[in-house]
Amino acid sequence: MPDALITVRGLKVALPDMTRKPLFGRAPMAEILKGLDFELPKNSITGIVGESGSGKSTLGRALVRLIEPSAGSVTFDGRDITHLSDAELKPLRRDLQMIFQDPMSSLNPRRTIGSIIAAPLKQNGMGDNLRERVAEALRRVGLPVNFAMRYRHELSGGQRQRVGIARALALSPKFVLADEIVSGLDVSTQAQVLTLLERLAGEMGLTVAFISHDLSVIRRLCRQVIVMRQGEIVEAGPTDELFGDPKQAYTRELIAAIPLPEIDPDWLRAKPLAAAN
Amino acid sequence: MDDVRLRSRAPNARLWLAGGWLSLLLAAAILAPLIAPQDPLAQDLMFERLPPFWMQGSEPGFWLGTDSLGRDLLSRLIFGARIAFIVAFAAATAACLAGSTLGLVAGYFGGWADRIISRIVDVWMAFPPVLFAILLVAVLGTGLHSVIIAIAVIDWTRFCRVVRAEAMVQSRMDYVENARIAGFGRMGIMLREVLPNVLPSIVALLSLEMGIAVIVEAILSFVNLSISTDAPTWGGIIAEGRLSIHQAWWVLVFPLVTLFLTVLSFSQFGEGLKDRYDPVLR
Amino acid sequence: MILQRLLARLLTMLITLFGVAVVVFVVIRVAPGDPIAMMLPPGASDDDILRLRTLYGLDKTLVEQFFIWLGGVARGDFGTSISLRQDVLSLVLNRLPATLELAIFALLMALAIGVPLAVLGARERGTAVEAGIDVANGAALSIPDFLWGLVLILLFGVLVPVFEISGRVSPRLELPFATQFYLFESIFRLRFDLMKDLLSHMFMPALALALPLAAIVSQLLKQSLKEILDLDYAVLARVKGFSETQVILRDALKNAALPTLTLVGVQFTFLIGGTVIVERLFSYEGLGNMAIDAVINRDLPLIQGIVLVFALLFVLVNLAVDITYALLNPRLRHG
Amino acid sequence: MSAAPCLEISNLSATLPSGMRVLRSVSLKIAPGEVHALVGESGAGKSMIGKAVLGVLPTSVRIVEGDMLLEGTRLGALSPKARRALIGARTALIPQDPLTALNPSRRIGPQITDRLIRILGWSASKAESRIRRLLDEVQIREPGRVVGCYPHELSGGMRQRVLIAAAFAAEPRLIVADEPTTALDVTVQKQILRLIADLQREHGTAILFVTHDLGVVAKISQKVSVLYAGMVVEEADTTALFAAPQHPYTRALMAATPRYTDPYASLLPVDAAVLAGLAGEVAEADRAWRPVHA
């Protein structure tokens, strides 16, 4: 695909398995991702979906290079970033941003919201007009400018997640990783945060990897989907195709397991589709 | 209703009470030559074992009575506060700087740094602290410097252990990853994101450690190994009081009460500060 | 798995002990002042001094001295005390039982005070009872054993003199004991008169040592009990019809004990360390009291021996805690 | 339905130490053998109701008004001990998090039989055979092995099955299911929901089913109460509710819940006017309310 922002080839990630650490020496490596190939096309939202243990969060952290892959490659905007050091990554950081699952733990309790949003700006040479930039970032996510003076505990869950978005987007990045950003929120708040992200991604021409366990949300938000299971890609493709005609049994099972908010007396009875082994 | 009120007001009350006592003592220590009614070293066998002012046989000017050498107890306590505070501030600060730095490095960087530092802490923890302190002072020779060095050398591990554990917790927080995403280096993250969150504990420990330093100094002078034999230290007075406990209980009681309040105040002051600067409680 | 952990533990123990030996050796040898000179009468000839120096191995280099000493220790030879002119090992072994009895008695006291308070506080959480326990814990925690010792001397030695404030046993008594474990042996021989006298001497130093530990036990255990009582399995037990006390004793206590145990282990080593000054305070004839004399007399071999024995005690306590932890934790027991 | 309700709650109010109400005059009735869902967002007080019935409210929450009748018995009129005995015999709880709902240091077997033996006075062999049969019913393949396991040796789905078996063991009349599938993956959630529905039908147990997910409500319950800020804003038969939600908040919740079948008609943010209306209702309710024993 010519217009891919991120290209992943044969990506493997192995992390030390501390439960099996022997007396001396290192813990054996457990392969979390077992060789993934895919592209994230420019200016669109790609959903990454999977149940617990699928490795979707590890994949996300490898994409923004918080962890180093053990094999394969990650190419960002034509540049191989698979094994760059922290120092080499630094100039790329403003383009590779992330929104976290738990806004409580991703905001430092001892810093004001303003200082949290300003820090990456200063660090990436955008320290001029700081006050205005912070205000702009807050305005963009629909928060009053005086929130810059507050601390995280003075905000509601939805507001915290807006701050997370504001912080990530303040740098006008090319790529944003959104890791389960609404899984801790109530449905009404969730809807607000998702529409916000959808609108901003469109306006700013962002490429987004949207990690979620919720296929319904992905259906609404994403142009294409990657379905993962136990470190492997089960199925990937444009959202409409994948929902319209799922090729893999596991995908069908995942979709069929979603309880829709409508009366369907047969849903519980429906034979679970045979799991793809 | 009561429950909530208690919780939100108690920290302030203890902060003020503890802070009040410590300020009073600090003022007395600084102004010792001006406010002490007698020369703390002056012996007068005419006035030996005078009781405190409310008792039969007391002498005006000797408010809390005298010891077996006729030295004024109040004056000795006031001058003793000087030594106590010097030791508390100097020793606790030194232990804090060394221990917190090592703890921060071990907890945040992990790996080899952590393994080496933790091993050293293990060795240190295998010494009985009081015996170690006595040994160090015996080796270094008695004197204020030795006491301060001995306490710092022994008690840095207290800071190291606590700071290491907290830094480890902090370094797993998402905002540390957040800072990496923002482009900060390891050192920057340690100082910017981790340290501020560990700081309240360090402050609380520092205050607690000052109380402990006061006690260790008292213990050292109790076994006659602190400054010099007749210097007015609280521990020295206590040692004297322990010997004449049946003849002159006040020689033990007054320094004991002073020490008790001081140690309690240092620990409560630290806890109070920590609560006060906790942004979630504020 | 367990065996592996045990081996790892033993190895780190040895490294720690070696570290302690190195540190104490270095600290002592830096000492100004010549212990030999202290042993001899004034006017002793240079020849005498030299002879004694050779005898105690003080004429060799530091590294040589260290390894000679370490070799001896490995064979159970800790050298000869300079001030008491006796074998260090037998001196230490003679005093160790007194300190052990004191420390263990104090530990039992701390548990006997701390555990019931924790259970009570957890049961009455959120009430004035818990607040009272918190205040008591706070005070007991911030006051060290040395001060508690002095307070107890005043209260129960002078004001209401019900306990002895000095020594280990009344000197007038005839002691039929074969070992130095007086208290243990008095129970064993059913000599309750002696036991009473021993306990009367031991009560206050043990209580002074026990109070801070009791506060820590009660505080930590109460905290983890409260956390567990909010967990679903405790809620479930209540729904099943068990009373609050039953829930605490059946479901919560064992799980709450685990996190408490590790810290109590560390705190118990502090308690053992505290015996040094508390023994001094109560003129209790234990290891700590002897240690302070040894330091004052610059008795190098004796100091080294005592410090090493203390270190050994500390690492053994930690080992015991580790093993207990593993035995209590089903996660470690079964894969 | 003329039978006496299995559970009847009337006018239940509970407060925090600050005096704020977390439950605002809640009333609801559950018929025997009926699944009644309590749905709402965080802070709606839906878990509080279940906990109040079972008598396991956090110590900071105090019931200040109202009655709870379990099969006609007024719970408030009983001594703590009698109440505990009644709750233990007639009700059970399926908790949210299967990870924390089993005691990590005890084997599975005794954890599910202890109520039968200790509280209900069954013989050990009777309790054991009952549990075997129930583990079989919740489709655990090797019940003999599972009862000897420690909780950490089982997967999340397995633990939830064990907890369900334990809940049904003593043939309770009422089960409080507190978000029993929230911590599970969707595929496991479906299996567990089906299991609960099957057992509930076979045993004729009434269930108070607490959830935040309208999808789950639609699949499992016959009746629903929609909660907001400790207030029941709408109560209806489940079919009726999904056919024609009456309260604006219910409609807003439905529109906010994502549906993959209809992505653009779902996930709609809640209108500010709806929230303002709710705030008005809460204020109105509090103005009219005077605690009986202040």
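Residues numbered from 1 in each chain as written. Chains lettered and ligands numbered in written order. Predicted model: local features only at pLDDT ≥ 70, side-chain atom pairs only at ≥ 80, totals over all residues. Heavy atoms only, no water.

Visitor: Got a minute to help me understand the overall build of chain A in this structure?
Guide: Summing up its helical and strand segments, chain A has ten helices and ten strands in all. Projecting the C-alpha coordinates of chain A onto the three principal axes gives extents of approximately 60 × 55 × 45 Å. Long-range contacts, defined as pairs at least 24 residues apart, comprise 65% of the intrachain contacts of chain A with a sequence gap of at least 6. As displayed, chain A has an accessible area near 11,500 Å², and 49% of this comes from carbon and sulfur atoms. (Helix = DSSP H or I, 4+ residues; strand = E, 2+ residues; numbered from the N terminus. Contact = heavy atoms within 4.5 Å. Areas by Shrake-Rupley, 256 points an atom, 1.4 Å probe, with all protein chains shown as cover.)

Visitor: What is the right way to look at the overall build of chain B in this model?
Guide: Helix and strand counts for chain B stand at ten helices and zero strands. Traced from its N-terminal end to its C-terminal end, chain B shows the element sequence α-α-α-α-α-α-α-α-α-α. Considering chain B as a whole, with its 282 residues, one finds that 55% of them fall into the buried category. Nonlocal contacts in chain B, meaning residues at least 24 apart in sequence, comprise 73% of its contacts between residues at least 6 apart. Of the roughly 12,000 Å² that chain B leaves accessible, carbon and sulfur atoms contribute 67%. Each charge class in chain B was averaged separately, 21 positive and 22 negative side chains, and the resulting centres sit 9 Å apart. (Buried < 20%, exposed > 50% of the residue type's maximum accessible area, 1.4 Å probe, protein only. Lys, Arg positive; Asp, Glu negative; His and termini not counted. Charge placed at Lys NZ, Arg CZ, Asp CG, Glu CD.)

Visitor: Got a minute to help me understand helix α1 (residues 56–63) of chain A in this structure?
Guide: Along an α-helix, a turn takes 3.6 residues, which lines up residues three or four apart on a common side. Residue and element names in this part refer to chain A. Here α1 lies mainly inside the structure; seven of its eight residues are buried. Burial in α1 covers these residues: K56, T58, L59, G60, R61, A62 and L63. A positive phi of about 55 degrees marks R65, the residue just after α1.

Visitor: What should I look at first to understand a negative patch on the surface in this one?
Guide: Where like charges cluster on the molecular surface, the negative patch consists of E262(A), D264(A), D266(A) and D262(D). Within the secondary structure layout, E262(A) lies in the segment after α10 (249–256). Judged by relative accessible area, which is 33%, E262(A) ranks as partly exposed. (Patch = residues over 30% accessible without salt bridge, like charges linked within 9 Å, V, L, I, M, F, W, Y side chains within 5 Å. Salt bridge = Lys/Arg side-chain N within 4 Å of Asp/Glu carboxyl O.)

Visitor: Would you take a moment to explain the sheet that holds strand β7 (residues 175–179) of chain A for this structure?
Guide: To summarise the sheet geometry, strands pair through backbone hydrogen bonds and adopt either a parallel or an antiparallel arrangement. Residue and element names in this part refer to chain A. Ordered by their spatial adjacency, six strands build an open sheet running β6-β7-β8-β3-β9-β10, and the pairing between neighbours is mixed. Of all the strands in the sheet, just β6 (96–99) and β10 (232–238) have a single pairing partner and so form its edges. On average, adjacent strands in this sheet sit at an angle of 15 degrees to one another, irrespective of strand direction. In the sheet, β7 pairs with strand β8 (residues 207–212) via five bridges, with the strands oriented parallel. Directly across from L177, in β8, lies its bridge partner A209. In this fold helix α7 (residues 187–204) packs onto β3 (45–49), β6, β7 and β8, with an angle of close to 160 degrees to the strand it touches most, β8. (Pairing = 2+ DSSP bridges. Axes fitted to C-alpha atoms, helices over the stretch in contact; angles between N-to-C directions.)

Visitor: What should I look at first to understand the interface of chain B and chain C in this one?
Guide: Bring the parts together and some accessible area is lost; that lost area is often taken as the interface size. Contacts between the two partners involve 37 residues from chain B, matched on the other side by 49 residues from chain C. Together chain B and chain C conceal approximately 3,600 Å² of surface at their shared face, both sides included; 84% is due to carbon and sulfur atoms. Per-residue buried area on chain B facing chain C is highest for L131(B), V139(B) and R242(B); these three make up 16% of the total on that side. Seen at the junction of chain B and chain C, the total is zero salt bridges. At the junction of chain B and chain C, the tally comes to four residue pairs in polar contact (both at pLDDT 80 or more). Per-class residue counts for the side of chain B that touches chain C are 29 nonpolar, three polar and five charged. (Buried area = accessible area lost by both parts, 1.4 Å probe. Polar contact = N/O pair within 3.5 Å; in protein donor to acceptor, adjacent residues only side chain to side chain. Nonpolar A, V, L, I, M, F, W, Y, C, P; charged D, E, K, R; others polar.)

Visitor: Can you walk me through the environment of V123(B) in this structure?
Guide: With respect to the helices and strands, the residue V123(B) is situated in helix α4 (residues 111–125). Under the relative-accessibility criterion, V123(B) is labelled buried at 7%. The residues contacting V123(B), other than those within four sequence positions of it, are T16(C), G19(C), V20(C) and V23(C).

Visitor: Any chance you could explain the pairing of strand β4 (residues 62–70) of chain D here in plain terms?
Guide: Within a regular strand, side chains alternate between the sheet's two faces. All names here are of chain D. Alignment of strand β1 (residues 7–15) against β4, held across seven bridges, turns out to be antiparallel. Residue pairing for β4: A14 is matched across the bridge by I63. One ladder, built from two bridges, connects β4 with strand β5 (residues 73–74); its direction is antiparallel. Its bridge partner being in β5, L69 is matched across the sheet by R74.

Visitor: Could you clarify how one ought to interpret the packing of helix α6 (residues 156–169) of chain D against helix α7 (residues 186–203) of chain D in this entry?
Guide: Angle between the axes and distance between the axes: these two values describe a pair of packed helices. Residue and element names in this part refer to chain D. The interhelical angle for the contact between α6 and α7, taken along N-to-C directions, is 10 degrees, at an axis separation of 11 Å. Our classification of the angle between α6 and α7 gives roughly parallel. Both α6 and α7 take part in a crossing whose hand is right-handed. Residues G157, Q160, R161, I164 and F168 of α6 form the contact with α7, whose participating residues are V188, Q191, I192, L195, I196, L199, Q200 and H203. Looking at the contact of α6 with α7 residue by residue, the classes come out as seven nonpolar, five polar and one charged. (Parallel < 35°, antiparallel > 145°, perpendicular 65-115°, else oblique. Left-handed = near helix turned anticlockwise from the far one by under 90°.)

Visitor: Whenever I open this one, the pattern of salt bridges confuses me. Can you help?
Guide: Pairs can form between side chains of opposite charge whenever their charged atoms are close. Counted according to the given criterion, the structure contains 47 salt bridges over all chains. Here D240(A) ties to R219(A) by a salt bridge, and the two come within 3.0 Å at their closest N and O atoms. Of this pair, D240(A) sits in helix α9 (residues 239–244) while R219(A) sits in helix α8 (residues 215–221), placing them 21 residues apart in sequence. Taking relative accessible area as the criterion, D240(A) reaches 56% and is therefore assigned exposed. Classification of R219(A) by relative accessible area gives buried; the value is 19%. Residue R192(B) pairs with E193(B) through a salt bridge whose shortest N-O separation is 3.2 Å. E193(B) matches R192(B) in its accessibility class, with the two residues each being buried. A cluster of three or more residues bridged by salt bridges with shared partners is formed by K240(C), R250(C), D251(C), R106(D) and D114(D).

Visitor: Sorry, what's going on with the sheet that holds strand β10 (residues 231–237) of chain D here?
Guide: Residue and element names in this part refer to chain D. Spatially, the six strands line up as an open sheet ordered β6-β7-β8-β3-β9-β10, and their pairing is mixed. Looking at which strands have only one partner, the edges of the open sheet turn out to be β6 (91–94) and β10. Across the sheet, the axes of successive neighbouring strands diverge by a mean angle of 15 degrees, strand direction being ignored. Across six bridges, strand β9 (residues 223–228) lies against β10 in antiparallel orientation. Looking at the pairing, K223 lines up with D237 of β10. Strands β6 and β7 (174–178) of the sheet are contacted by helix α2 (residues 80–90), whose axis makes an angle of about 65 degrees with β6. Sheet strands touched by α7: β3 (35–39), β6 and β8 (206–211). Its angle to β8, the strand with the most contacts, is close to 160 degrees.

Visitor: Help me understand the confidence of the model for chain B, please; the structure alone is not making it clear to me.
Guide: Note: predicted coordinates in regions of low pLDDT should not be interpreted at a detailed level. All names here are of chain B. Per-residue confidence for chain B gives a mean pLDDT of 84, with 93% of residues at or over 70. The weakest mean pLDDT in chain B belongs to helix α1 (residues 2–30) at 72; the strongest belongs to helix α3 (residues 73–109) at 93. Ignoring residues within four places in sequence, the model shows residues 1–9, a span with pLDDT below 50, making five contacts including any to other chains. As scored by the predictor, the complex reaches a pTM of 0.85 and an ipTM of 0.83. (pLDDT = per-residue confidence, 0-100.)

Visitor: Whenever I open this one, a nonpolar patch on the surface confuses me. Can you help?
Guide: Residue and element names in this part refer to chain B. Together, L26, I30, L31, L34, I35 and F89 line one region of the surface with nonpolar side chains, adding up to about 560 Å² of accessible area. For the nonpolar patch, the secondary-structure elements that each account for two or more residues are α1 and α2 (32–35). Relative to the elements of secondary structure, I30 occurs in helix α1. Overall, the relative accessible area of 55% leaves I30 in the exposed class.

Visitor: What exactly am I supposed to notice about the packing of helix α9 (residues 192–229) of chain C against helix α11 (residues 244–281) of chain C here?
Guide: Residues and elements named next belong to chain C. At a minimum axis separation of 7 Å, α9 and α11 run at an interaxial angle of 150 degrees. One way to sum up the angle between α9 and α11 is to call them roughly antiparallel. Crossing of α9 over α11 shows right-handed handedness. Broken down by class, the residue content of the contact of α9 with α11 amounts to 22 nonpolar, six polar and one charged.

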